[in-house]
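# Descriptive structure summary
Next come the chains, spelled out residue by residue.
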Amino acid sequence: MDRACDSLYRAFENGGAVMGEQYLKSGRGGVREGAGRPKGAKNKVEAQGTKRLQIQLSTSKEELEEIDALCEKTGLNRSRFIRECVRFWKEKHD
């Protein structure tokens, strides 16, 4: 009995569990020193162009269908199409 209690105590003291007399390692483990990406490390590949912000747009189903039809017609994705619309509007109204 004392032997079983001793192995249980050792296992839980070290963060693991005992199955029979076999010690099972805890899955929690520590972090290896120096592992992972260093803080403040730069990306290996820099992003091209300007950084884009993500927004949400509320529209009706019909308007979205119109946008998608125009995107297909022009060969642009939604983001590019909307940026081009804004640029076009600014050119005409400035």
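The rules behind the values
Residues numbered from 1 in each chain as written. Predicted model: local features only at pLDDT ≥ 70, side-chain atom pairs only at ≥ 80, totals over all residues. Heavy atoms only, no water. Helix = DSSP H or I, 4+ residues; strand = E, 2+ residues; numbered from the N terminus. Areas by Shrake-Rupley, 256 points an atom, 1.4 Å probe, with all protein chains shown as cover. Patch = residues over 30% accessible without salt bridge, like charges linked within 9 Å, V, L, I, M, F, W, Y side chains within 5 Å. Salt bridge = Lys/Arg side-chain N within 4 Å of Asp/Glu carboxyl O. Lys, Arg positive; Asp, Glu negative; His and termini not counted. Charge placed at Lys NZ, Arg CZ, Asp CG, Glu CD. Buried < 20%, exposed > 50% of the residue type's maximum accessible area, 1.4 Å probe, protein only. Expected span 1.5 Å × (residues − 1). Polar contact = N/O pair within 3.5 Å; in protein donor to acceptor, adjacent residues only side chain to side chain. pLDDT = per-residue confidence, 0-100. Contact = heavy atoms within 4.5 Å.

## Looking at the overall build of the protein
Across its full length, the protein holds three helices and two strands. Counting helices and strands in the order they occur from the N terminus, the protein gives α-β-β-α-α. Accessible surface for the protein amounts to roughly 9,600 Å². Of this, 53% is attributable to carbon and sulfur atoms.

## Digging into a negative patch on the surface
A grouping of Glu 62, Glu 63, Glu 65 and Glu 66 is seen on the molecular surface, where their side chains present a negatively charged patch. Within the secondary structure, Glu 62 sits in helix H2 (residues 61-74). Accessibility expressed as a relative area gives 53% for Glu 62, which makes it exposed.

## Overview of helix H3 (residues 78-93)
Between the first and last C-alpha of H3 there are 22 Å, a value that for 16 residues agrees with the 22 Å anticipated at 1.5 Å per step. Near the N-terminus of H3, the side chain that reaches the backbone nitrogen of Ser 79, with its oxygen 3.2 Å away, is that of Asn 77.

## Here's the deal with the pattern of salt bridges
Applying the stated criterion across every chain yields a total of four salt bridges. Asp 68 is the salt-bridge partner of Arg 78, the closest N and O atoms lying 2.7 Å from each other. Of this pair, Arg 78 sits in helix H3 while Asp 68 sits in helix H2; the two residues are ten residues apart in sequence, bridging distant segments of the chain. Arg 78 gets classed as partly exposed once you look at its relative accessible area, which sits at 44%.

## A word on the confidence of the model for the protein
A residue-level look at the protein finds 59% of positions with pLDDT of 70 or above and a mean pLDDT of 76. When pLDDT is averaged over each helix and strand of the protein, the minimum, 53, is found for strand E1 (residues 17-19) and the maximum, 95, for H2.

## Digging into the environment of Arg 87
Residue position: Arg 87 is located in helix H3. One polar contact links Arg 87 to Glu 84, side chain to side chain, over a distance of 2.6 Å.

## Section: H2
Here H2 contains 14 residues, and its C-alpha end-to-end distance of 20 Å stays within 8% of the 20 Å for a straight helix at 1.5 Å per residue. Looking at the residues trailing H2, positive phi occurs at Gly 75, about 80 degrees.

## Brief notes about the environment of Cys 71
Note on placement: Cys 71 falls in helix H2. Between the C-alpha atoms of Cys 71 and Ile 82, which are eleven residues apart in sequence, the distance is 9.2 Å. Setting aside chain neighbours within four positions, we find Cys 71 in contact with Leu 76, Asn 77, Arg 78 and Phe 81.

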